[in-house]
Amino acid sequence: MLGLVLSALRARAAQAWAVFALAVLLVTAAAAGPWFAAGAERRAAAADAAAAPAAERTISVRRQTNADGDPRSALAAYRDTVERLLPGAGRLGITVNMLLDGAETTPRVSVAHRDDVCEHLRLDGRCPQAAGEVLVSAATADALGLHTGDTLTLRNQPRAKPVPVTVVGRYELADPGGVYWGDSLFRADAGGLDPLFTAVDTFESPQLAGPVFAYTAELPESAFTDPGSPAGERLRAAGFALSRGGMTLVAPGQQLVDRITADRAAIRGGALAGTLGTVVLCWFALALAGRQTARERRGDAALLQLRGGSRPRALRLGVGQLAVPLLAALPIGLALGWLAGRLLGGPAAGFAPPFDGVLGPWLPAGLAAVAGVLGGLAALAAGELAVLRAPVGALLRRVPSPGRARRAAVDVVLVVLAGFAAAQLWGTGLRTAVPLLVAVVVAVVAARMLATAASRAGAGALRAGRLRAGFAAVALSRQPGADRLMALVAVAVAGLCAATGGWLAGFDARDSRAVQELGAPRVLTVRAANPTALLGAVRRADPGGREAMAAIVDAAAAPPVVAVDAARLPAVAAWLPQWGPRPVLVPPGTGADAPAVTGGRLVLRARNDGAGPVRLAVAVQNTVTGRSARLTLGPLDPGEHEAAADVAGCAEGCRVVSLDLLQPRPANADDAPPKAGPATPPSDVAAAVLTITELRQEAPAGRVLDAAFLGDPRQWRTGAAGPAVQVSARQGALTLTLPDVAWNFDDRVYVMAAALPLPAVLAGEAPAPWRLGDPTLDLFGGGTVPVHVAGTAPMLPVVGGSGVLVDLDAAQRLGAGGSSAGTYQVWLAAGAGPGVEDRLRAAGLTILGADDTGARAARFAARGPAVAERYRLFAAVLGLLAAAAALAVAVAAERRQRGADLRALRVQGLAARTAAAAGRAGSGAVVLAGALTGLLAAIVARFASGPSLPYFADGWNPPDPPEPLPPLPLLATAAAALLLLALVWRAATAGRAEGKTR
């Protein structure tokens, strides 16, 4: 039997090699999927972990307890407790919230100690070494006017015993984006004061009661990338164990775990769908090749039956001829599958030789390859059984049996099953197979129509005397399996077109999201003292306004806020069409600054119409550095008086921000909470009235607020959050009235330095409070101001579909210039020169990081859906190659029969050129019709199924999704596929016998 099989293989070597090529493609597709999925999952997880913020790679175990006078021993015991339940290496910290005497708006501040904290700070001073020594952030020091050597008073409760601490230095975070600062417990809340870092001995004081102990650790990359180390499960188990010990696990990394899980699901779904689609195409191609080659074995089967051979023997002989190349392809396909999976997905986790890593990707790859081979063998055996079931007379007849009803029934079943499968897979992880299933429906229907049309067209052409076209059409209609071959070619071409379109559309989607998340071609994250300093530095570095723009993003606000230097927005920002028209955020009629305060003494002339002394606090802000200062003028007794105070820190010029009439305290207000700011002497007066007639400065002399400015009501506004002060601006004077004692209200009067309400562009739903009253925003924690929705957009830069866009210049003029909340950025235009970063540093900014749209799009390309699209394209190419191999087998199988028919026609007088053209045109028409049908099927599948795969695992999609089948790439892909098939067809038909007949 083996000798007969080998002899048959030598006799039909071309067909055996074609089956071998098909088998190699089949095994390669089956084995590449598991290898690709294993490597791509690891690579995508590593990319997710590398791009994640530090907070998402950090876990914190917290417990509120007492130090019992010995914080060092308490921290050591806490470390031992945590590490018994959560092995690893972490840092210890301890923090407690205290009241800070003298703070203007935020009296609470965190007092904290952390291991190695000074190594992660830039110090102006020294590190705390003894109890009662603290470090103050530069922003807090500027806000409170603190210097090294000053003393602060802390209290646990409003009337508790004071705890004096000494400032030994100012600090700035050296690596604010690093893992060390990933624990939010040791960062300031939005709009709050930065922590005061101190020595651990400070917590020996009983007044620092109820501190929170924290153990902070970074999750290693292996926790996210290794399949055997699922971070989500470990974190949940650890959280349960820690909670039983009275501790709380804060693990923002769960968000990262969720993203990695979604990426893995996308990769597995894409790999499974692509592998199954290609394997089924290869099975179909093998079945078609088996039926085509079986026609040449019909004589062998008939002879075997005439000689008394049994059907099992004949089946072994027929299948053996095809099983040998199929089995020979197994090791080669396995090797190629491993290589393709490694190249497309990257090295798999736990890579090892087969005998050392059986439980790794080798096992599923081997099982998939064996399953593919067995399926291919079954497809070939089905063709052989069809031959063996035929009687000897049918086997010896050269004209194929009709069997049209049976083939039509099979087509109907195939169409119904493909349509049902497409409906079931829609919305699942295998939805990437939906376009291919829709293409099957279109291709099968079109193939049936083509066969019928070719039969009728051939008969009509022959009657009309058009022999070349008539013989070609008749040959096409009578060629066994021509409709199947055309359907196979059409499905392969449609799959390639859909995969290419999805792959190209992914580039546009990733570019669009990169621009969406950044807002400009290149974005620098910088450090600045406040928004005013940021704005001024960028304007000094780029006075022309064509290269750089200051921006602040406050994602923690409700709604999220993006403030940009609106005058530079058109020149710098990469504004997408889906964001709508560019907004106008600087309308005409904005307020003008009062004359600047430049130094010397500030003199107030006012009339006190109340019954007791009052003071007036004047807040000024440096127009260059943004540093704020608060001057207290008074006390002013009843009647008309002048009061003066020295001005410091205004050499560059300061603008007046607000006026605050300090309320007199009633005699019975011992339990009332103290108002922020300098204390006022007790008084029985329940109201205060102050009329300001002039505010001027000495040396150099000049008026700051003259009668015209003071008496203009357009120049003044009150706070938006429940003001307690009444304002009257008329007749060259400003009158401030406190009608009653009102604690915890914003009773300041602000200079109208910009138009109100502040214009804003809103994306998404308006916040609930806006629907109940006038819209307001807390701009970077620096004060609440009314806003006006000047426009809406479906999406906005950085914040996406929910947030507001405002003008940064107007925001900092309206009182938000002294806060450090939000992320400070500099957006750079596409044409920004290489020296702009150096100019920004020279202007006083510290560049903490940089990102650009190209780098961010590349990071998206390493994520699950994008990687799955690449594999889908690879699988589609294999499917097209399988169709090409099946075409070669079909053409080779038809060569002898078609040549004999045409030689008989030559004897009857048919011209040689007509015979040769008719011989080639039949199979050539199958190629052309298959390619055109595939192009049509791809278009129908696109409109019937929509985008086959989400572009991002988190569900984000562009508001204006890219076209998944762009016309030019679609035509180019179809043309390339047609060219490949035409080359295979030409090689298979070269030197055909009918072309050489005479």
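Up top is the structure these notes are about.
Note that this is a predicted model, so its numbers are computed, not measured.

Reading guide: rules and limits
- Residues numbered from 1 in each chain as written.
- Predicted model: local features only at pLDDT ≥ 70, side-chain atom pairs only at ≥ 80, totals over all residues.
- Heavy atoms only, no water.
- Buried < 20%, exposed > 50% of the residue type's maximum accessible area, 1.4 Å probe, protein only.
- Helix = DSSP H or I, 4+ residues; strand = E, 2+ residues; numbered from the N terminus.
- Arc of directions from axis to C-beta.
- Polar contact = N/O pair within 3.5 Å; in protein donor to acceptor, adjacent residues only side chain to side chain.
- Pairing = 2+ DSSP bridges.
- Contact = heavy atoms within 4.5 Å.
- Axes fitted to C-alpha atoms, helices over the stretch in contact; angles between N-to-C directions.
- Disulfide = S-S within 2.5 Å.
- Phe/Tyr/Trp six-rings, centres within 6.5 Å; stacked < 30°, edge-to-face > 60°.
- Core = buried A, V, L, I, M, F, W, Y, C linked by side-chain atoms within 4.5 Å.
- Parallel < 35°, antiparallel > 145°, perpendicular 65-115°, else oblique.
- Left-handed = near helix turned anticlockwise from the far one by under 90°.
- Nonpolar A, V, L, I, M, F, W, Y, C, P; charged D, E, K, R; others polar.
- Salt bridge = Lys/Arg side-chain N within 4 Å of Asp/Glu carboxyl O.

**Re helix H16 (residues 531-541)**
Part 1 of the reasoning: Of all eleven residues in H16, nine are buried; the element is thus mostly enclosed.
Part 2 of the reasoning: Listing the buried residues of H16 in full gives Pro531, Thr532, Ala533, Leu534, Leu535, Gly536, Ala537, Val538 and Ala541.

**Quick word on the environment of Ala241**
Part 1 of the reasoning: By the element assignment, Ala241 lies in helix H6 (residues 231-244).
Part 2 of the reasoning: Along the backbone, Ala241 and Leu85 are 156 residues apart, and their C-alpha atoms lie at a distance of 7.0 Å.

**Points about helix H22 (residues 853-861)**
Part 1 of the reasoning: By the burial criterion, the buried members of H22 are Thr853, Arg856, Ala857, Phe860 and Ala861. Down the axis, H22 shows its buried residues gathered within 150 degrees of arc, on one side only.
Part 2 of the reasoning: Of the residues flanking the start of H22, the one acting as N-cap is Asp852, its side-chain oxygen 3.0 Å from the backbone nitrogen of Gly854.

**Side note on the pairing of strand E9 (residues 212-218)**
Part 1 of the reasoning: Burial of E9 is extensive: five of the seven residues sit out of reach of the surface.
Part 2 of the reasoning: As paired strands, strand E1 (residues 58-64) and E9 are joined by seven bridges and run antiparallel to one another. Paired with Ile59 across the bridge in E9 is Ala217.
Part 3 of the reasoning: As paired strands, strand E2 (residues 91-100) and E9 are joined by five bridges and run antiparallel to one another. Across the sheet, residue Thr95 finds its bridge partner in E9, namely Val212.

**Observations regarding the environment of His113**
Part 1 of the reasoning: Within the secondary structure layout, His113 lies in strand E3 (residues 108-114).
Part 2 of the reasoning: Taking the C-alpha atoms as reference points, His113 and Val134, separated by 21 residues in sequence, lie 9.6 Å from one another.
Part 3 of the reasoning: Apart from the residues within four sequence positions on either side, His113 is in contact with Leu92, Gly93, Ile94, Phe186, Thr198, Ala199, Val200 and Phe203.
Part 4 of the reasoning: Of note is the side chain of His113, whose polar atom sits 3.1 Å from the backbone oxygen of Thr198.

**Remarks on the sheet that holds strand E16 (residues 628-636)**
Part 1 of the reasoning: Strand order in the open sheet formed by five strands is E16-E15-E18-E24-E21, and the pairing between neighbours is antiparallel. Two strands bound the open sheet, and with one partner strand each, they are E16 and strand E21 (716-718). Each adjacent strand pair in this sheet contributes to an overall mean axis angle of 25 degrees, direction not counted.

**A word on the state of the cysteines**
Part 1 of the reasoning: On inspection of all chains with the given rule, the structure shows two disulfides.
Part 2 of the reasoning: Linked covalently through their sulfurs, Cys118 and Cys127 form a disulfide whose S-S length is 1.9 Å. Taking the sign of the S-S torsion, about 80 degrees here, the bridge from Cys118 to Cys127 comes out right-handed.
Part 3 of the reasoning: A relative accessible area of 27% places Cys127 in the partly exposed class.
Part 4 of the reasoning: Disulfide pairing places Cys650 opposite Cys654 at an S-S distance of 2.0 Å. Disulfide Cys650-Cys654: torsion about the S-S bond near -100 degrees, hence left-handed. Grouping residues by exposure puts Cys650 and Cys654 together as buried.

**Comments concerning the packing of aromatic side chains**
Part 1 of the reasoning: Across all of its chains, the model carries nine aromatic pairs by this definition.
Part 2 of the reasoning: With a centroid separation of 5.7 Å and an interplanar angle of 90 degrees, the aromatic rings of Tyr78 and Phe213 are classed as edge-to-face. Placement of Tyr78 in helix H3 (residues 71-85) and of Phe213 in strand E9 is noted, with a sequence separation of 135 residues between them. You'll find Tyr78 and Phe213 in the same group, each marked buried.
Part 3 of the reasoning: Both rings, one in Phe709 and one in Trp716, keep their centres 5.8 Å apart while their planes meet at 85 degrees; by these two values the pair is edge-to-face.
Part 4 of the reasoning: Residue classification places Trp716 among the buried positions, given a relative accessible area of 7%.

**Focus: the nonpolar core**
Part 1 of the reasoning: Leu485, Leu887 and Leu981 are the most contacted members of the largest nonpolar core, which has 85 residues in total.
Part 2 of the reasoning: Looking at which element gives the most residues to this core, the answer is helix H23 (residues 864-907), with 17 residues.
Part 3 of the reasoning: Among residues more than four places away in sequence, those in contact with Leu981 are Val489, Val493, Leu880, Ala883, Ala884, Leu887 and Val927.
Part 4 of the reasoning: Membership of the second largest hydrophobic core comes to 45 residues, among which are Leu75, Val167, Leu235 and Ala238.

**Quick look at the side chain of Gln812**
Part 1 of the reasoning: Looking at where Gln812 falls in the secondary structure, it is placed in helix H20 (residues 808-816).
Part 2 of the reasoning: By relative accessible area, which is 6% here, Gln812 ends up buried.
Part 3 of the reasoning: A polar side-chain atom of Gln812 sits 2.7 Å from a polar atom in the side chain of Thr532.

**Digging into the packing of helix H15 (residues 482-518) against helix H25 (residues 967-989)**
Part 1 of the reasoning: At their nearest, the axes of H15 and H25 sit 9 Å apart, and the two run at 140 degrees to each other. As far as their axial angle goes, H25 and H15 are oblique. In terms of crossing hand, the pair formed by H15 and H25 is right-handed. From H15, Val489, Val493, Leu496, Cys497, Thr500 and Leu504 reach across to H25, where they touch Pro969, Leu970, Thr973, Ala974, Ala977 and Leu981.
Part 2 of the reasoning: Residue composition of the contact of H15 with H25, grouped by class: ten nonpolar, two polar and no charged.

**Structural notes on the sheet that holds strand E30 (residues 846-852)**
The strands that make up a sheet pair up through hydrogen bonds in the backbone, lying either parallel or antiparallel.
Part 1 of the reasoning: The sheet built from nine strands is open, its strands ordered E26-E27-E25-E28-E13-E12-E29-E11-E30 with mixed pairing. Only two strands of the sheet have a single partner each, and these edge strands are strand E26 (776-778) and E30. Adjacent strand axes in the sheet meet at a mean angle of 35 degrees, parallel and antiparallel pairs treated alike.
Part 2 of the reasoning: Where strand E12 (residues 548-554) lies against strand E29 (residues 823-828), six bridges are found, and the strand directions are antiparallel. Note that in E29 the partner of Ala548 across the bridge is Leu828.
Part 3 of the reasoning: Sitting on the sheet, H16 is in contact with strand E11 (522-527), E12 and E29, with an inclination near 160 degrees to E12.

**Some words on the pattern of salt bridges**
Part 1 of the reasoning: Within the structure shown, the criterion is met by 34 salt bridges.
Part 2 of the reasoning: In this structure, Arg539 and Asp565 form a salt bridge, with 3.1 Å as the shortest nitrogen-oxygen distance. Of the two residues, Arg539 is situated in helix H16 and Asp565 in the loop between strand E13 (561-564) and helix H17 (569-572); the sequence distance between them amounts to 26 residues.
Part 3 of the reasoning: Arg539 gets classed as partly exposed once you look at its relative accessible area, which sits at 32%.
Part 4 of the reasoning: Note that Arg696 is salt-bridged to Glu642, the shortest N-O span being 3.4 Å. Pair noted here: Arg696 is in strand E19 (residues 688-698) and Glu642 is in strand E17 (residues 639-646), with a separation of 54 residues, a long-range link.
Part 5 of the reasoning: For Glu642, a relative accessible area of 37% gives the class partly exposed.

**Section: the pairing of E12**
Part 1 of the reasoning: The element E12 is extensively covered by neighbouring structure, given that seven of its seven residues are classed as buried.
Part 2 of the reasoning: Burial of the side chains of E12 extends over both faces: Ala548, Ala550, Ile552 and Asp554 are buried on one face and Met549, Ala551 and Val553 on the other.
Part 3 of the reasoning: Judged from the four bridges that link them, E12 and E13 form a sheet pairing that is antiparallel. Bridge pairing in E13 links Asp554 to Val561.
Part 4 of the reasoning: In textbook terms, the turn of a hairpin is the stretch between consecutive antiparallel strands, and for E12 and E13 this stretch comprises six residues.

**Topic: the environment of Arg57**
Part 1 of the reasoning: Within the secondary structure layout, Arg57 lies in the loop between helix H2 (13-51) and E1.
Part 2 of the reasoning: Considering only alpha carbons, one finds Arg57 and Val179, 122 residues apart in sequence, at a separation of 7.4 Å.
Part 3 of the reasoning: Only 3.3 Å separates the side chain of Arg57 from the backbone oxygen of Ala49, close enough to count as a polar contact.
Part 4 of the reasoning: Side-chain polar atoms of Arg57 contact the side chain of Glu218, separated by 3.4 Å.

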